[in-house]
Amino acid sequence: GLCAQVLRDAGTNYYRRMLRYHGAANIGAILPWILDQAIGSREAQGDPAARKNLRRMRRALGRWIGRLPLDRGGSPLARLPLYEDLYFSLVDTADDVQFWHNPAARLEGRWDEYPTDVAVLLISGWFAHHCAANFDKFSEFRKRLSRPVALIVGPWLHGPDMLEATVAGDCDFGPAAALAPMHEVWLGWLDNFLPANAVVVNALPPVQYFLMGTGPGHRTPAGHVFHGGTWKSSSCWPPTDAHQIDFYLNEGGLLSRNPPASDAAASTYLFDPADPCPGIGSSNLQVVDAPDFVLPGPRDQRCRPELAACRGSSMPLSSRSDLLVFQSEPLAGDVEVTGDIRVKLWVRSSAPDTDFVARLIDVYPASDDYPEGIALAICDGILRFRYRGGRPRGSLVTPGSVHQIEIELNPTSNLFKAGHGIRLDITSSAWPQYDVNPNTGALPGEATSLAVARQTVFHDARRPSRVLLPLIG
């Protein structure tokens, strides 16, 4: 009897892209979610003291980051063993083992089990958990389903106001970002295809997506940067006029279409897991009411004293010695980037296991409203070294050996305007969104010590590190 579905930002593989992300545990999503489930549980209803302590922890998550990784019995979750066990299962099950193959968490690999006569509307956001997964579903469903499949992607976080929100992170996208009232979109789709023999009217285009960044960039009365944007549509994904272009990391911190010189020196930094680089904003978080803990969505890459991971600092992240910055010259004209983003790096580490984080940034020039400009994070990704190449079970590396790795960033659609810069940041943590690698070869929850890792990123003619950007036109 299933004729039509509306699926709002659901995933395909929660191990590879959500609860964990290419090996790293997404603590910024897991911990608030587990606490929310525990607080509303039947067990907490019957234990008012436990519920009170869980709520207190949820309201002040920033105070807990110094106690991460959590120990069993070391938090209010201990009063609710079912939820404590689930938390540690998600955080500590690092390999892609049977635990992660539950059909509820893994549609990937089961495409042929899906009914073929269902009309499916997919909804996601550029800063939502499952953006990449929804493009996967769109592609796979279109191959197999006999009825229409459509996808809507807006400038939204994973949350209940998708389709209607106009603000995410530090950005205001303007009233155009609210595509339509949610119930109109949902019921409109179902009305088209119920009953099964209904005459289809007002069918949506295959892909509707919001191109961000067309706004003038002033500060709004609410304190957001008016990033703006406009809706576009396409018959396929990626759009037919998108072309993957290599932007190379060059000596001196330049991001350029020119390949690096043969004798270009490598870039190095020290990654100390006792002083991890904060993650400020992300395209892999949901709406989280914990401003001292994590900040979802597009954010200026500057510390906030109220963010616990910043330890009272208000300096830009680019001032840290454990973060590499590669930035283009100011753009002579507008550049539209729409599609999937990949970062390919040639790297070496002194550690047997470590992490590499990449973040694509839209750099605003100085203005009256923003005298120091803005470094606006657009999308990001992480790779735990032991899971390089997509291997399901971790494999340590020989310290000092050179490897080519690929970091998947969330898909995006952003207009980098004339005068702006395209920037790629490379570091080794995004704390506390992702658990911090101890650099010893031990998993974070099992580590008894920490080690400082010397990280090297090569960018010469023989080892050309680069970011692949899908340019339109």
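Before going into details, it helps to say that this report is about the structure given with it. Every residue gets a number counted from 1 within its own chain, in the order that chain's sequence is written. Only residues with pLDDT of at least 70 are given local features in this predicted model, and only at 80 or more are side-chain atom pairs given and counted; all residues enter the totals for whole chains, interfaces and linings. Hydrogens and waters are ignored; side-chain quantities use all the structure's heavy atoms.

**A few points about the state of the cysteines**
Using the following cut-off: Cysteine sulfur atoms that pair up within 2.5 Å are treated as a disulfide. Note on exposure labels: buried denotes an accessible area under 20% of the residue type's maximum, exposed denotes more than 50%, and partly exposed covers the range between, all computed with a 1.4 Å probe on protein chains only.
A full pass over the atoms with the stated rule returns one disulfide. Covalently, Cys 303 is tied to Cys 310 through a disulfide, its sulfur atoms 2.4 Å apart. Residues Cys 303 and Cys 310 share a disulfide whose torsion about the S-S bond is about -85°; that sign makes it left-handed. Note on accessibility: Cys 303 and Cys 310 belong to one class, buried. Considering cysteine sulfurs only, Cys 379 is the nearest to Cys 171, which forms no disulfide, with 13 Å between them. Under the relative-accessibility criterion, Cys 171 is labelled buried at 0%. Take Cys 379: its relative accessible area is 2%, and that puts it in the buried class.

**Here's the deal with the packing of aromatic side chains**
Where we set the bar: A pair of Phe, Tyr and Trp rings is counted when the ring centres sit within 6.5 Å of each other, with Trp represented by its six-membered ring. The angle between the planes then sorts it: under 30 degrees is stacked, over 60 is edge-to-face, the rest tilted. Note on conventions: DSSP H or I runs of at least 4 residues are helices, E runs of at least 2 residues are strands, and numbering of each starts at the N terminus.
A complete count under the given rule lists 16 aromatic pairs for this structure. Note on Trp 189 and Phe 193: the rings are 4.7 Å apart at their centroids and 55° apart in plane angle, and the pair reads as tilted. On the criterion of helical spacing, the pair formed by Trp 189 and Phe 193 is a turn pair, its members being four residues apart in helix 6 (residues 182-193). Accessibility classification places Trp 189 together with Phe 193 in one group, the buried group.

**Observations concerning the environment of Leu 157**
Within the secondary structure layout, Leu 157 lies in strand 5 (residues 149-157). Remark: the alpha-carbon pair of Leu 157 and Gly 125, spanning 32 residues in sequence, is separated by 5.9 Å.

**Comments concerning the sheet that holds strand 9 (residues 225-226)**
Cut-off, in case you're wondering: In this description, strands pair whenever DSSP reports at least two bridges between them.
Reading across from one edge, 6-7-9 is the order of the three strands in this open sheet, with mixed pairing throughout. Both edges of this open sheet fall to strand 6 (167-168) and strand 9, since each of them pairs with a single strand only.

**Topic: the pattern of salt bridges**
Heads up, the condition is: The salt bridge definition used is simple: a Lys or Arg side-chain nitrogen within 4 Å of an Asp or Glu carboxyl oxygen.
Under the counting rule described, the total for this entry stands at 26 salt bridges. The salt bridge partner of Lys 143 is Glu 140, with a shortest N-O separation of 3.6 Å. Remark: Glu 140 and Lys 143 occur in helix 5 (residues 131-144); sequence separation between them is three residues, near one turn of the helix. With relative accessibility at 59%, the residue Lys 143 sits in the exposed group. For Glu 140, a relative accessible area of 17% gives the class buried. One salt bridge connects Arg 342 with Glu 408, and the closest N-O pair in it is separated by 3.7 Å. You can see Arg 342 sitting in strand 15 (residues 335-349) and its partner Glu 408 sitting in strand 18 (residues 402-416), a full 66 residues away along the chain. Taken together, the shared-partner salt bridges connect Arg 17, Asp 136, Arg 342, Lys 344, Glu 406 and Glu 408 into one network.

**A word on a positive patch on the surface**
Our working definition: Like charges are joined within 9 Å and nonpolar side chains (Val, Leu, Ile, Met, Phe, Trp, Tyr) within 5 Å, but only among residues with over 30% relative accessible area and no salt bridge; these make up the patches. In short, Shrake-Rupley with a 1.4 Å probe defines the accessible areas, and a residue's cover is counted only from the protein chains shown. Charged-residue counts in this description rest on Lys and Arg as positive and Asp and Glu as negative, His and the chain ends being excluded. By convention, charge coordinates are those of NZ in Lys, CZ in Arg, CG in Asp, or CD in Glu.
Taken together, the side chains of Lys 52, Arg 55, Arg 56 and Arg 59 present a region of like positive charge at the surface. Here Arg 59 shows up in helix 3 (residues 48-59).

**Focus: the pairing of strand 18**
A regular strand places its side chains so that they alternate between the two faces of the sheet. Burial of strand 18 is extensive: 12 of the 15 residues sit out of reach of the surface. Here 13 bridges tie strand 15 to strand 18, and the two strands are oriented antiparallel to one another. Looking at the pairing, Thr 338 lines up with Ser 413 of strand 18.

None of this, on its own, says anything about what the molecule does.
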